[in-house]
Amino acid sequence: MERFTRLFGDLLTFVYHCFDRIVIHGYLSGLSRPEQVVYFLREVLEIPVVSKDVLSQRTDDYRNWVEAYAWNHKIPIEWAEKGLRKEDHVLPALHRMEKRDAFGVYFIFKSMEQGRTFRISVPKFATQDPNHRILAHQRSRFTHYYFYIRDEVLGPIIVRVASFFPFHATYWLNGHSFIERELERAGIGFHKNDNAFLAADDVAALQAAADRLSPAVIRQQLDYWTLILGPKFSKKERGQINLSRFYAITQIEYCRNFIFKRHFPIHKIFERSCEIGLWRLTANRISEIFGVRLNKRLRGKLATVIDQIEHGHHVFRAYWKNAFLKQYEKFSRFLRNELCSNNLRDFGLKKGLDHLDAVRKRFQIITDHFAGFQAECLNVHVDFPLLQRLALPITIGSVRYPGIKIHDARIIRLLEVLLHGGNTVGGWTAKQIHQAVLTTFQLSPKLYGLNQLRYDLRKLKGHGLLQRDGSRYAYQLTTKGVQIALLLLFFHKRLCGPLANSRFHHQPDPAHRPKSKLETAYHKADKAIQDIVDLLAVA
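Counting restarts for each chain, with residues numbered from 1 along the sequence as it is written. Selection of residues for local features in this predicted model requires a pLDDT of at least 70, selection of side-chain atom pairs for listing and counting requires 80 or more, and totals for whole chains, interfaces and linings are taken over all residues. Based on all heavy atoms of the structure, the side-chain values leave hydrogens and waters out of the count.

Student: With reference to specific residues and values, describe the packing of helix H15 (residues 430-441) against helix H16 (residues 450-462).
Tutor: To get an axis, fit a line to the C-alpha atoms, keeping to the stretch in contact for a helix; angles then go from 0 to 180 degrees between the N-to-C directions. The way it works is that DSSP assigns letters per residue, a run of H or I at least four long becomes a helix, a run of E at least two long becomes a strand, and they are numbered from the N terminus. For the pair H15 and H16, interaxial distance at closest approach is 10 Å and the crossing angle is 105°. As the angle between them shows, H15 and H16 are arranged roughly perpendicular. For the pair H15 and H16, contact is made by Ala430, Lys431, Ile433 and His434 and by Leu450, Leu453, Arg454 and Leu457, respectively. Each residue gets one of three labels, nonpolar for Ala, Val, Leu, Ile, Met, Phe, Trp, Tyr, Cys and Pro, charged for Asp, Glu, Lys and Arg, and polar for the others, Gly among them. Partitioning the contact of H15 with H16 into residue classes produces five nonpolar, one polar and two charged. Note on angle classes: values under 35 degrees are labelled roughly parallel, values over 145 roughly antiparallel, values of 65 to 115 roughly perpendicular, and the remainder oblique. Throughout, a residue-residue contact means that at least one pair of heavy atoms, one from each residue, lies within 4.5 Å.

Student: Just give me the short version of the environment of Phe373, but keep the residues and values in it.
Tutor: Summarising the element assignment, Phe373 is placed in helix H12 (residues 356-378). Sequence separation of Phe373 and Ile276 is 97 residues, and the distance between their C-alpha atoms is 9.7 Å. For Phe373, the residues in contact, after removing those within four places along its chain, are Ile276, Arg280, Leu281, Arg285 and Ile289.

Student: Tell me about the nonpolar core, and name the residues and values.
Tutor: Generally speaking, soluble globular proteins have nonpolar side chains that are buried together. Nonpolar cores are built from buried Ala, Val, Leu, Ile, Met, Phe, Trp, Tyr and Cys residues. Side-chain atoms within 4.5 Å join them into one set. Under the scheme applied here, a residue whose accessible area is under 20% of the maximum for its type counts as buried, over 50% as exposed, and between as partly exposed, the area being computed with a 1.4 Å probe on protein chains only. Counting 67 residues, the largest nonpolar core has Ile24, Val105, Phe147, Ile252, Phe290 and Phe363 as its most contacted members. Among the elements that take part in this core, H12 stands out by supplying 10 residues, more than any other. Not counting residues up to four positions away in its chain, the partners in contact with Phe290 are Ala318, Trp320, Ala323, Leu325, Leu339, Phe347, Arg362 and Ile366. Judged by nonpolar contacts, the second largest core, of 26 residues, contains Leu390, Ile411, Leu438 and Leu477.

Student: Can you tell me about the packing of aromatic side chains, naming the residues and giving the values?
Tutor: Aromatic pairs are defined between Phe, Tyr and Trp rings, using the six-membered ring for Trp, whenever the two ring centres lie within 6.5 Å; interplanar angles under 30 degrees are classed as stacked, those over 60 as edge-to-face, and all others as tilted. The final tally for this structure, using the stated rule, is 24 aromatic pairs. Ring geometry for Tyr145 against Phe147: centres 6.4 Å apart, planes inclined by 35°, an arrangement best described as tilted. As far as burial versus exposure is concerned, Tyr145 and Phe147 are alike and both buried. Taking the centre distance of 5.5 Å and the plane angle of 50° together, the rings of Trp320 and Phe347 count as tilted. Placement of the pair is Trp320 in strand S11 (residues 313-321) and Phe347 in the loop between strand S13 (334-341) and H12, with a sequence separation of 27 residues. By relative accessible area, Trp320 is classed as buried at 1%. Assessed through its relative accessible area of 5%, Phe347 is described here as buried. These aromatic residues form a ring-pair network of at least three members: Tyr62, Trp65, Tyr69, Tyr145, Phe147, Phe165, Phe167 and Phe233.

Bear in mind that shape data such as this cannot, by itself, settle questions of function.
Here is the structure:
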């Protein structure tokens, strides 16, 4: 990451890293296993026969409580329709809560979803206890409640509670919301758009706030809302069985955000990063970035793709097992590198919430490696696809035009005549251009005939470098043609690297260049040209 920051330091406003999205699953430790449920019903509640009706009664009690809670607090409660994006639907309610500077539940969704429950069955053979029943885990559809909360510490969060035993809960947090609340309490000014900070009065304080998101802070708030919104148990029930919650991380995203001063270089950098990633981010390099050794027993995905989420919004992804690195640009203001994981065991990490700091350290190292790989690939003179595209043939309709090679002396001579001829060439016919090439380079018609010239003109016209003046057979270079002609001539004179460097948004850092003889030669040429410019400036 340091190499990436140095490379684009003059274009960056600031850089920060934080947890973005965290999904936590809460297990009710005292009622997670079948034998615990049997003990709770028969020994604590003194119910002789464990049946479906007994479990359903606890579900009905919780449903009635949720309906009464929504009614008493005037909270909207609705069924989630198919295809509805819940976050967009509840956004007006959140804005009203923010205007009042209030905290608490502001919306409740009901949804029929698959969840983990228990199946009760009678033993096939008679037992000594006639009331004995067999409980086993199963998945079935039942009601889940989504509580949308504005928390005073974590900001907007979502709590989903299952209405059936064992009452599992799921929590959605956002690290940017926590940072926002921390900066507001500290009185530090900032500008936040959607899910990113685009400006901050104190960048160091912003990063410090991101680092303060700890397991203790998260557990305290989750315990509070679980106690308020979760299923109810009496004091007697809590005294005879441990009903604490165990929090496990099921999905986590860690991001690095590069905020640019101007929007024009972001798309170019991202576009080139995608090309580099698809061609150079091989399986071995992906394994190096993730810090593991590649072997044949690797399970999961190992690939690089570009996804189009919506029109004009592309995301580059590098998959590794159940995790992936992704990069995307947003709002034409920032570039984000993000590491997402659905199974922390891939990294040798434990999923318990107490191990969040270990996850942060490991993900920081991986995102550092990814940013360093991109910086190394971008920190060159000659690594751009323009000449590669020109060298490839193109097909327009049913017509196929050959590629333009930099070592083609005929094309170089023709471009030099067209470029030096100025606007006058725009009125010349093919015969006049042919005569100019022969005169300039002292060629005979046998070495470069008129038909050869027409073939070259057709090739330039197919690539969009040359245009014809209306219905007349008079040619002139297009705007793109002028730029390409200049660049090809620079290459032909073997000064393309240092001179064409001014066409890019940054000058490569010699301290972090790749180990390449060609790149070393270009840096020497850069220094020589700069010395000449300095001498001319002094003179």
